[in-house]
Each structure stands twice: as C-alpha cells, then as structure tokens.
Amino acid sequence: MRVRQGLAAVAAALVLSASPAVPAADGYRVAFVEVPRLLQDAPQVAAVRESLKKEFSRRDKDLVALQADIKKIEEKLQRDGAILSDAETQRLERDLVGKQRKLKTAQNEFQEELSLRQNEELNKLRRQIAEVIIEVAKEDGLDLVLETGVVYASERANVTEKVLERLKAKGK
C-alpha cells in the first residue's frame, strides 16, 4: 500500500514539475472564422445557387410535366373508368405504370446529379474561402486561424467580417 502511495506521489511530482512540451502562447496571434456564416452570406453562394437553378431548370420542368401527365391519366381512369372499355382501361393503366416508373427513375437521376453538382460547387467555394482566409491571416500577421469547434472567442479574434468583405469584393 505504501509503495503504491509512494509511486503515485513521485508520478504526481514529475507531472507537476515537468516543463511544457509546447512553448507558451505568448506572442502568438490566434483568430477564428465562422465558415457556416460565410457559406450563407458570401455572394458566391447566391451565384452558385442561380447557376445550378439555370442548369437544372429544364429537367425540373420536364419532371413537373410528367407528373401532370400522370395526374391526368389517374383522373381519367377514376372519372371514366366505368364507361371505358376493358382494352382502353388496360392501355391507360399500362401507360400510367410506365410513366410512374419513368418519373421515379428521372427523379432519382435528377437528385443524384443535382447533389453531385452541388457538392462540386460547394467544394470549389470552400477552397475559395480557404484561400481568402489565408490571405487575411497573412495580412493580419495571424499565426493560427480556427473555424469549427471554438467554444469561446472575443470579437477581436473574429475575422469573419474581414473574410466576408474580401469575398464580396471578389464576387463582383
């Protein structure tokens, strides 16, 4: 028992007397940036949204038109099903099933391609934001810029506005 207490005391003394492995933070300039805010407020984000909207608008309209066709067939079957011949009812039902399959496939492809393009554009934007953060850090003589996971930082350490202004200037 005494041996354990003695070892614990020696270990504690070593830990308390050991010099830190990393020099103290005196003289280092640290800042942080709110990347989610930049991804929301940067003018480049609106430009990307508009570009993607234009790129995918025709396909979106095609999907809406296909949905309208499906709805017309469903309404016709429901409204006129009792007076239609069996052959006509079967033809409409086959047409309906075919268009529903086509719609589902087209919607899946649309979503996959849209997600892929959004990710590509988001990655480009993240690289551009990182470049601007580095520019601001070098100009301000910062040693370290943090983004996610900051528990507390004073407004003095927040460089988000500077980065956002620079992004706005580049976005024009």
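Everything quoted here is computed from the prediction, not taken from an experiment.

S.K.: What should I look at first to understand the overall build of the protein in this one?
M.R.: Per the secondary structure count, the protein includes five helices and two strands. In the protein, the succession of α and β elements from N to C terminus is α-β-α-α-α-β-α. Accessible surface, the protein: about 12,900 Å² in total, of which carbon and sulfur atoms supply 54%.

S.K.: Sorry if this is basic, but what is going on with helix α4 (residues 86–139) here?
M.R.: Spacing of three or four residues puts side chains on the same side of an α-helix, whose turn is 3.6 residues. Here α4 contains 54 residues, and its C-alpha end-to-end distance of 78 Å stays within 8% of the 80 Å for a straight helix at 1.5 Å per residue. Remark: G141 follows α4 within two positions and exhibits a positive phi of approximately 65°.

S.K.: Explain the pattern of salt bridges here, please?
M.R.: For side chains bearing opposite charge, pairing can occur when the charged atoms are close. Evaluation of the coordinates by the stated rule reveals 14 salt bridges. Here R37 makes a salt bridge to E161, at a shortest N to O gap of 2.2 Å. In this pair, R37 is assigned in helix α2 (residues 35–41) and E161 in helix α5 (residues 160–171), connecting sequence segments 124 residues apart. What makes R37 partly exposed here is its relative accessible area of 26%. According to the relative accessible area criterion, E161 is partly exposed, its value standing at 38%. Notably, a salt bridge pairs R91 with E88, separated by 2.7 Å at the nearest N-O pair.

S.K.: Can you help me understand a nonpolar patch on the surface in this one?
M.R.: On the surface, Y28, V30, L144 and L146 cluster together to form a nonpolar patch covering roughly 350 Å² of accessible area. For V30, the position within the fold is in strand β1 (residues 30–32).

S.K.: Explanation requested: the nonpolar core in the structure shown.
M.R.: Soluble globular proteins: nonpolar side chains tend toward being buried together. By size, the foremost hydrophobic cluster in this structure holds 18 residues, and its most contacted members are V33, L38, I129, I133, V159, V163 and L167. Listing elements by their share of this core, those giving two or more residues are α2, α4 and α5. Sort the elements by how many residues they give to this core and α4 lands first, with six residues. Apart from the residues within four sequence positions on either side, V163 is in contact with V33, L38, V132, I133 and V136. If you look at the next biggest cluster of nonpolar residues, it comprises 13 residues, including F56, I70, L96 and L114.

S.K.: Would you explain the packing of aromatic side chains in this entry?
M.R.: The geometry of an aromatic ring pair is captured by two quantities: the separation of the ring centres and the angle between the planes. One pass over the structure, following the stated rule, counts one aromatic pair. Where F56 meets F110, the ring centres are 5.7 Å apart and the plane angle is 90°; that geometry is what we call edge-to-face. Remark: F110 occurs in helix α4 and F56 occurs in helix α3 (residues 43–80); sequence separation between them is 54 residues. Overall, F110 belongs to the buried group, its relative accessible area being 10%.

S.K.: How do you make sense of the environment of E55 when you look at a structure like this?
M.R.: Structurally, E55 is set in helix α3. Residue E55 is classed as partly exposed on the basis of its relative accessible area of 38%. Along the chain, E55 and L114 lie 59 residues apart, while their C-alpha atoms are 9.3 Å from each other. Within the structure, the side chain of E55 is placed 3.0 Å from the side chain of R117, a separation counted as a polar contact.

About the thresholds
Residues numbered from 1 in each chain as written. Predicted model: local features only at pLDDT ≥ 70, side-chain atom pairs only at ≥ 80, totals over all residues. Heavy atoms only, no water. Helix = DSSP H or I, 4+ residues; strand = E, 2+ residues; numbered from the N terminus. Areas by Shrake-Rupley, 256 points an atom, 1.4 Å probe, with all protein chains shown as cover. Expected span 1.5 Å × (residues − 1). Salt bridge = Lys/Arg side-chain N within 4 Å of Asp/Glu carboxyl O. Buried < 20%, exposed > 50% of the residue type's maximum accessible area, 1.4 Å probe, protein only. Patch = residues over 30% accessible without salt bridge, like charges linked within 9 Å, V, L, I, M, F, W, Y side chains within 5 Å. Core = buried A, V, L, I, M, F, W, Y, C linked by side-chain atoms within 4.5 Å. Contact = heavy atoms within 4.5 Å. Phe/Tyr/Trp six-rings, centres within 6.5 Å; stacked < 30°, edge-to-face > 60°. Polar contact = N/O pair within 3.5 Å; in protein donor to acceptor, adjacent residues only side chain to side chain.

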